[in-house]
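Understanding the architecture of this molecule
Next come the chains, spelled out residue by residue.
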Amino acid sequence: MNIVFLVLVVGSFLVSAMAELSGTHGAMESLSAAVIDAAAAAVPLVLGLVGIMALFLGLMKVAEEGGLLAATARLLEPPLRRLFPEIPTGHPAMGAMVMNVAANLLGLGNAATPFGIRAMEHLEALNPRKGTASNAQVLFLAINTAGVTLLPTKVIALRASLGAADPTNVVAPTLVATLVAATVAIIAAKSLQGLWWPDPAAPPPVQASSASLWPSLLALAGLLGAIPLLLANGRVIGPWIMPGLVAGLLLYGAARRVRIYECFVEGAKEGFAVAVRIIPYLVAILVAIGMFRASGAMDLVLRPLGQLTAPLGLPAEALTMAVMRTLSGSGSYGLLAAHLKDASIGPDGYLGTLLGTIYGSTETTFYVLAVYFGAVQVRRIRHALAVGLIADFAALVAAVVVCGVMF
């Protein structure tokens, strides 16, 4: 991240300096305003996360005390042991990761972040080299940034509000693109972990699990069986997911005789502390991204590149969306809304569907790395950024191919 941070900031400064010296007055003034605005935006962003983190970290505490995370870890231990040999059998890190992936699967982006942070805390407790990303942490973030998604709820809601003929038309291509991204991310993380500043604390050999594989297979079959239901009734089911998750976790805790109110409050207290820890990391990455956009450096790179990719089914608008989605969640959503409102694009054509698929199938990689690693004070991220960008590229290629087949 040191190199990326420096390149974004210095590159933006040089582009603005060249524009100012060539007669474009106000370029440096705009860059200065972008620096201040981006730094100031970090705190409101974190404050907006405090309540969300408090809510879901409280629910996570109830789930932990009730034994849900341990039970989930045991259920999925056989397939996950091959991916995460560093994690002891039955460790709550497994359950926390599963909760994070499930939240992403259902399009609950707000819920996924606290679950992911709790998983990173568990993984950091197992990390023999504090401050340096472990193989397990990088692999978990690779899966997280791929973000396998059944219900891209924000895209569906936006398309519905704009009068799309079939608002859920992006569900199938988004699912395919995210599955491709997740597969590529896992392969990349495993391939690079021995080359990119290798972790000297090699994991122990994977032992054959004594647990039966049948429960895991039944759980997988249940998930696959739910996919057609979610695809067909996404708009109806979507609003039920968040309230159902909150009520379900509290009912589970009550059934397990957990003092749910006291336990929830204890877990929620951590939300503010986590939010404060990530402020410096968010300030750094938001300032760098703000400068990159305001200086015109992003347009300078993407405009000629878009002319080359347009014949391949990736016009400049889609390329810009892909890059913006990697850098900024709010910025990419605003860009998506602007494009879909454009009468020449609309929500129902090839480009509108492609833009929605790109938004739903790629992740704000820089933001995720800053928040998750910042929450556990990891500064040396090893190959995590490379893996995240590889996953984003794989999702982009898959989105272009699938949307091309559809149209």
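The preceding data block contains the structure.
In this report, we go over the structure that sits alongside the text.

The rules behind each value
Residues numbered from 1 in each chain as written. Predicted model: local features only at pLDDT ≥ 70, side-chain atom pairs only at ≥ 80, totals over all residues. Heavy atoms only, no water. Helix = DSSP H or I, 4+ residues; strand = E, 2+ residues; numbered from the N terminus. Contact = heavy atoms within 4.5 Å. Areas by Shrake-Rupley, 256 points an atom, 1.4 Å probe, with all protein chains shown as cover. Phe/Tyr/Trp six-rings, centres within 6.5 Å; stacked < 30°, edge-to-face > 60°. Buried < 20%, exposed > 50% of the residue type's maximum accessible area, 1.4 Å probe, protein only. Lys NZ or Arg CZ within 6 Å of the ring centre and 35° of its normal. Core = buried A, V, L, I, M, F, W, Y, C linked by side-chain atoms within 4.5 Å. Expected span 1.5 Å × (residues − 1). Patch = residues over 30% accessible without salt bridge, like charges linked within 9 Å, V, L, I, M, F, W, Y side chains within 5 Å. Salt bridge = Lys/Arg side-chain N within 4 Å of Asp/Glu carboxyl O. Axes fitted to C-alpha atoms, helices over the stretch in contact; angles between N-to-C directions. Parallel < 35°, antiparallel > 145°, perpendicular 65-115°, else oblique. Bend = angle between axes of the 7 residues up to and from the residue. Left-handed = near helix turned anticlockwise from the far one by under 90°. Nonpolar A, V, L, I, M, F, W, Y, C, P; charged D, E, K, R; others polar.

1. A word on the overall build of the chain
Summing up its helical and strand segments, the chain has 18 helices and zero strands in all. For the chain, restricting intrachain contacts to residue pairs at least 6 apart in sequence, the fraction spanning at least 24 positions comes to 78%. Taken as a whole, the chain presents about 18,000 Å² of accessible surface, with 69% of it coming from carbon and sulfur.

2. Thoughts on the environment of Gly-356
Summarising the element assignment, Gly-356 is placed in helix H16 (residues 350-361). Remark: the alpha-carbon pair of Gly-356 and Asn-169, spanning 187 residues in sequence, is separated by 9.4 Å. Apart from the residues within four sequence positions on either side, Gly-356 is in contact with Val-155, Val-170 and Leu-336.

3. Observations concerning the packing of aromatic side chains
Summed over all chains, the structure comprises three aromatic pairs. Pairing Tyr-333 with Tyr-359 gives two aromatic rings, centres 5.6 Å apart and planes at 55 degrees, and the pair type is tilted. With a gap of 26 residues between them, Tyr-333 in helix H15 (residues 329-341) and Tyr-359 in helix H16 connect regions that are remote in the sequence. What makes Tyr-333 partly exposed here is its relative accessible area of 25%. Overall, Tyr-359 belongs to the buried group, its relative accessible area being 5%. Between Tyr-350 and Phe-407, the ring centres sit 6.1 Å apart and the planes meet at 80 degrees, which makes this aromatic pair edge-to-face. Here Phe-407 lies in the segment after helix H18 (384-406) and Tyr-350 lies in helix H16, a separation of 57 residues in the sequence. For Phe-407, a relative accessible area of 46% gives the class partly exposed. Just above the ring of Tyr-333 sits the side chain of Lys-154; from NZ or CZ to the centre is 4.5 Å. For the cation-ring pair, Arg-325 lies above Tyr-359, with the distance from its terminal atom to the ring centre recorded as 4.0 Å.

4. Remarks on unusual backbone geometry
In this structure, Gln-377 takes a positive phi of about 60 degrees despite not being glycine. The partly exposed category is assigned to Gln-377, whose relative accessible area is 31%. At Arg-382, a position not held by glycine, the phi torsion is positive, near 55 degrees.

5. Some points on the nonpolar core
Ranked by size, the top nonpolar core spans 106 residues in total, and within it Phe-84, Phe-140 and Phe-373 carry the most contacts. Here this core gets 11 residues from one element, more than from any other, and that element is H18. Ignoring any residue separated from it by four or fewer positions in sequence, one finds Phe-373 in contact with Met-120, Ala-133, Gln-137, Leu-141, Val-368, Val-378, Ile-381 and Ala-384.

6. Details of helix H1 (residues 2-21)
Taking 1.5 Å per residue as the helical rise, H1 with its 20 residues ought to reach 28 Å, and the 28 Å between its terminal C-alpha atoms agrees with that figure. For H1, the complete set of buried residues consists of Leu-8, Ser-12, Val-15, Ser-16 and Ala-17. Contacts from the buried residues of H1 go to helix H2 (27-65), helix H12 (260-294) and helix H13 (297-309). Trailing H1 by a residue or two, Gly-23 shows a phi angle of about 110 degrees, which is positive.

7. Looking at a nonpolar patch on the surface
A cluster of nonpolar side chains, Leu-6, Val-10, Phe-13 and Leu-14, forms an exposed patch at the surface whose accessible area comes to about 370 Å². Positionally, Val-10 belongs in helix H1. By relative accessible area, Val-10 is classed as partly exposed at 36%.

8. A word on the packing of helix H8 (residues 153-161) against H16
Two elements in contact, H8 and H16, have axes whose closest approach is 9 Å; the angle formed by their N-to-C orientations is 150 degrees. By the angle between their directions, the pair H8 and H16 is classed as roughly antiparallel. Here Lys-154, Val-155 and Arg-159 of H8 lie close against H16, whose contacting residues are Gly-352, Thr-353, Gly-356, Tyr-359 and Gly-360.

9. Some points on the side chain of Asn-127
Structurally, Asn-127 is set in the loop between helix H6 (109-126) and helix H7 (135-146). Not counting residues within four places of it along the chain, the set of residues in contact with Asn-127 comprises Thr-132, Ala-133, Ser-134 and Gln-137.

10. Points about H13
The first and last C-alpha atoms of H13 sit 19 Å apart over 13 residues, in line with the 18 Å expected at 1.5 Å per residue. Along H13, the helix axis deviates most sharply at Arg-303, where the bend reaches about 25 degrees; the proline Pro-304 sits within four residues downstream. In this fold, the buried residues of H13 make contact with H1, H12 and helix H14 (316-327).

11. Brief notes about the pattern of salt bridges
Applying the stated criterion across every chain, the model contains four salt bridges. For Glu-65, the salt bridge is made with Lys-61, and the minimal N-O distance between the two is 3.9 Å. You can see Glu-65 and its partner Lys-61 sitting in helix H2, four residues apart, about one turn around the helix. Among the ionic pairs, Glu-121 bridges to Arg-118, the shortest N-O distance being 3.1 Å.

12. Brief notes about the environment of Arg-129
Here Arg-129 shows up in the loop between H6 and H7. For the pair Arg-129 and Val-378, spaced 249 residues apart in sequence, the C-alpha separation works out to 9.7 Å.

13. Description of the packing of H12 against helix H17 (residues 365-375)
H17 packs onto H12 with a crossing angle of 150 degrees between their chain directions and a minimal axis gap of 8 Å. With respect to H17, the element H12 is oriented roughly antiparallel. The way H12 lies across H17 gives a crossing that is right-handed. Of H17, the residues touching H12 (which contributes Val-274, Arg-277, Ile-278, Tyr-281, Leu-282, Ile-285 and Ile-289) are Phe-366, Tyr-367, Ala-370, Val-371, Gly-374 and Ala-375. When its residues are assigned to classes, the contact of H12 with H17 shows 11 nonpolar, one polar and one charged.

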